[in-house]
Amino acid sequence: MYTAFFGFKENPFNLTPDPRYLFLSRYHREALEHLLYGINERKGFIAITGGIGTGKTTLCRALLDHLDRNIKSALIFSSFISDEEILKTINHEFGIEMNSGASSKKAYIDALNAFLLENFSKGGNALLLIDEAQNLSHPVLEQIRMLSNLETEKEKLLQVVLVGQSELKGFLERPSLRQLNERITVRYNLKPLDETDLRGYVQHRLTVAGGKGDVGFSNSALKAVYAYSRGNPRRINAVCDRALLIAFTAEKRQVSRRMIRDAIKDLTGRSASPGGAKRPFRWVGWATAVLLVMIFAAGLHVWISGGASKGIFSRITGQEAPAPPPAATAEASAPENPADDLFLNGDTSLTGLFRLFEKVSVDSPDPDNGTYLGLVSFNLSAEYFVKLKRPFRVVAVGFPSALGSGPRYLLITRTTYEAAVVLDNEGRSHVMDRSFILRHWGETVSFVYPQRDAFKTLVGGMKGRGVLKIQRTLMQMGYMVEPTGRYDRQTSQAVTRFQEEFGLNPDGIVGPRTMALLFQMTDPDDEHHS
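Here's what I pulled together on the structure shown here. (Residues numbered from 1 in each chain as written. Predicted model: local features only at pLDDT ≥ 70, side-chain atom pairs only at ≥ 80, totals over all residues. Heavy atoms only, no water.)

### Some thoughts on unusual backbone geometry
Then, number 1: The phi dihedral of glutamate 132 falls on the positive side, at around 55 degrees, and the residue is not glycine.
Then, number 2: Relative to the assigned elements, glutamate 132 resides in the loop between β3 (125-130) and α6 (138-146).
Then, number 3: On the accessibility criterion, glutamate 132 (26% relative accessible area) is partly exposed.
Then, number 4: Here glutamate 251, not a glycine, exhibits a phi torsion of approximately 55 degrees, which is positive.
Then, number 5: Structurally, glutamate 251 is set in the loop between α11 (233-249) and β7 (254-255).
Then, number 6: Owing to a relative accessible area of 64%, glutamate 251 belongs among the exposed residues under this scheme. (Helix = DSSP H or I, 4+ residues; strand = E, 2+ residues; numbered from the N terminus. Buried < 20%, exposed > 50% of the residue type's maximum accessible area, 1.4 Å probe, protein only.)

### Some points on helix α16 (residues 465-476)
Structurally, the α-helix is built with 3.6 residues per turn, so residues lying three or four positions apart point the same way.
Then, number 1: In this model, α16 (12 residues) spans 16 Å end to end at C-alpha, consistent with the 16 Å of a helix rising 1.5 Å per residue.
Then, number 2: Inspection of α16 places Val467, Ile470, Gln471, Thr473 and Leu474 among the buried residues, and these make up the whole buried set. Projected down its long axis, α16 shows its buried positions confined to an angular sector of 160 degrees, all on one face.
Then, number 3: Each element contacted by the buried residues of α16 is listed here: α17 (489-501) and α18 (512-520). (Expected span 1.5 Å × (residues − 1). Arc of directions from axis to C-beta. Contact = heavy atoms within 4.5 Å.)

### Section: the environment of threonine 58
Then, number 1: Looking at the secondary structure, you find threonine 58 in helix α3 (residues 56-63).
Then, number 2: For threonine 58, a relative accessible area of 16% puts it in the buried group.
Then, number 3: Taking the C-alpha atoms as reference, threonine 58 lies 4.5 Å from proline 17; in sequence the two are 41 residues apart.
Then, number 4: In this view, threonine 58 contacts Pro17, Asp18, Pro19 and Leu22; residues no more than four positions away in its chain are not counted.

### Considering the nonpolar core
Then, number 1: Residues Leu410, Ile437, Trp441, Leu474, Phe498 and Phe502 are the most contacted members of the largest nonpolar core, which totals 55 residues.
Then, number 2: Each residue touching leucine 410, except ones within four places of it in the same chain, is listed here: Leu342, Phe343, Phe392, Arg393, Val394, Ala396, Val422, Phe436 and His440.
Then, number 3: Listed in part, the 38 residues of the second largest apolar core include Ala47, Leu112, Phe115 and Leu136. (Core = buried A, V, L, I, M, F, W, Y, C linked by side-chain atoms within 4.5 Å.)

### Describing the sheet that holds strand β4 (residues 159-165)
Then, number 1: Strand order across the open sheet formed by 5 strands is β2-β3-β4-β1-β5, with parallel pairing between neighbours. Unpaired on one side and paired on the other, β2 (71-76) and β5 (184-190) mark the two borders of the sheet. With strand direction ignored, the average angle separating the axes of adjacent strands in the sheet is 15 degrees.
Then, number 2: Across the sheet, α3 touches β1 (45-50), β3, β4 and β5, and the angle it forms with β4 is around 155 degrees. (Pairing = 2+ DSSP bridges. Axes fitted to C-alpha atoms, helices over the stretch in contact; angles between N-to-C directions.)

### Here we look at the packing of helix α4 (residues 83-93) against α6
Then, number 1: In contact at an axis separation of 8 Å, α4 and α6 are set at 45 degrees when each is read in the N-to-C sense. Viewed along their axes, α4 and α6 adopt a mutual orientation that is oblique. Crossing handedness for the pair α4 and α6: right-handed. Here Asp83, Ile86 and Leu87 of α4 lie close against α6, whose contacting residues are Pro139, Val140, Gln143 and Ile144. (Parallel < 35°, antiparallel > 145°, perpendicular 65-115°, else oblique. Left-handed = near helix turned anticlockwise from the far one by under 90°.)

### A few points about the packing of aromatic side chains
Then, number 1: Counted by the stated rule, this structure contains 15 aromatic pairs.
Then, number 2: Ring plane angle 65 degrees and centroid distance 5.3 Å describe the contact between tyrosine 449 and phenylalanine 519, whose orientation is recorded as edge-to-face. Of the two residues, tyrosine 449 sits in strand β13 (residues 441-452) while phenylalanine 519 sits in helix α18, which places them 70 residues apart along the sequence.
Then, number 3: Residue phenylalanine 519 is classed as buried on the basis of its relative accessible area of 13%.
Then, number 4: Put simply, the rings of Tyr2, Phe5, Phe6, Phe8 and Phe248 pair up and form one aromatic cluster.
Then, number 5: Positioned over the ring face of phenylalanine 519 is arginine 390, at 3.8 Å from the centre of the ring.
Then, number 6: Positioned over the ring face of phenylalanine 378 is arginine 513, at 4.1 Å from the centre of the ring. (Phe/Tyr/Trp six-rings, centres within 6.5 Å; stacked < 30°, edge-to-face > 60°. Lys NZ or Arg CZ within 6 Å of the ring centre and 35° of its normal.)

### Topic: the pairing of strand β12 (residues 429-433)
Then, number 1: Where strand β11 (residues 419-423) lies against β12, 5 bridges are found, and the strand directions are antiparallel. By the bridge assignment for β12, leucine 423 is matched with serine 429.
Then, number 2: Linking β11 back to β12 in an antiparallel pair, the connection comprises 5 residues, with glycine 427 at a positive phi of about 80 degrees.

### Description of the pairing of β11
Then, number 1: Most of β11 sits inside the fold, with 4 of its 5 residues counted as buried.
Then, number 2: Pairing between strand β10 (residues 409-415) and β11: 4 bridges, direction antiparallel. By the bridge assignment, leucine 411 is partnered in β11 with leucine 423.
Then, number 3: Counting the residues that bridge the hairpin from β10 to β11 gives 3 residues.

### Some points on the pattern of salt bridges
Then, number 1: Counting across every chain of the model gives 8 salt bridges.
Then, number 2: Lysine 106 is the salt-bridge partner of aspartate 110, the closest N and O atoms lying 2.9 Å from each other. Of this pair, aspartate 110 and lysine 106 both sit in helix α5 (residues 105-121), separated by 4 residues, roughly a single helical turn.
Then, number 3: Note on lysine 106: relative accessible area 58%, which makes it exposed.
Then, number 4: Across the pair arginine 428 and aspartate 424 runs a salt bridge whose closest N-O atoms are separated by 2.9 Å.
Then, number 5: Linked by salt bridges that have partners in common, Glu10, Asp18 and Arg20 make up one network. (Salt bridge = Lys/Arg side-chain N within 4 Å of Asp/Glu carboxyl O.)

Take it as geometry only, folks, not as evidence of what the structure does.
Below is the structure:
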């Protein structure tokens, strides 16, 4: 709107990550130098972290202009991806053609290894850059770590750059990701601009946009911009863009402090102050804390009250299962939104869960032979819903208040990466997209598990069909283990990583709870054919 008035060719403060607008402050220059050093010296893993809006994505795009021509690059900017999909995406980005019908993880890795070896033989290097890496799941990060094994005796064939928000640093420091964290040899935490860099940043963007110097910001205006933004480039862009619009409506070519204050008020609905930018986050912190307490309370209620339906419950740990939660005293009227029918009460979801189990299970419970049905519960993050291969129910959050205050559940029969099949009150199936599942996911997952009195804990040194089945399940989930039927060191390590990822005791031993979760993550179709 104001570009013609000020003589710009384009908007100087767009929020899109255009590398032409990268201003090399001291911190951004140091970050770029770390990246180039790590890539050119073949250091393997590099991690760049920084707060939201500090310019990480723009830095990534600018990096490509500084790379030698002999460096092949694969860029991934969508990090909500499965471990198999990331291999497929990497190969696609490198232009690796796959044979028709070759879609296994091994096929993708073999093709990638062949490409990297050929590239290396020609004197080339290869870069895998993943933005928003804080969103990567544990299996995906573990798969990326395995790619570090693609190397010669002296050189890394693939340089991996993980770029993410500040929480990526803490995520990588988890014990379960220790092996990956130890492989990262180059790190840099990108900081916001200093106040002394602010003028250069603003002037740089005005110049790149085609400005001829006939528009500017007063010293007091720039101080107000810094007081609001604290040097965060995204906030700087937002407030400067709004301030130029205000100057345009007033037909002024100089942005004043008052215009900045008006721009901040337009953006936030409040007056500007040096500490003002922090207040909303304090309220967000309180709201988040309250929400977490509510979710924890709901999960605790389910753990305590989840139980049997119509007398078919038995034991998982040798104790009687508790009774199911009582039905609501007064059911809400029929919901206007059909999707409301998906939020089931305790009795309905529990009965449906057992009926579903009877349809898909190979083995029927037989008390005479020491086989019983039990209900087990685990707390799982929403990102893992695609791992669940058998019917389950999950505590729902964010359901309509008209349904009452008691716990509600989603009863899910099948999952894919993009969607899940959810049953309603009448047992009808509805395909709900990923956003619906993530929005209403309450973390506490319950499913039916056939417990056997003759269950044997699997430990190192054992061998047999039970061990082979565990190995195949782990292999399907992306863990590096060979299906030999012998509980070797590799199997123990894979079990330990699985336990760490899903909050179990990481002892490398397959006990009842580890076995139950592995059972849930085994496709029933594979069970029928085994």
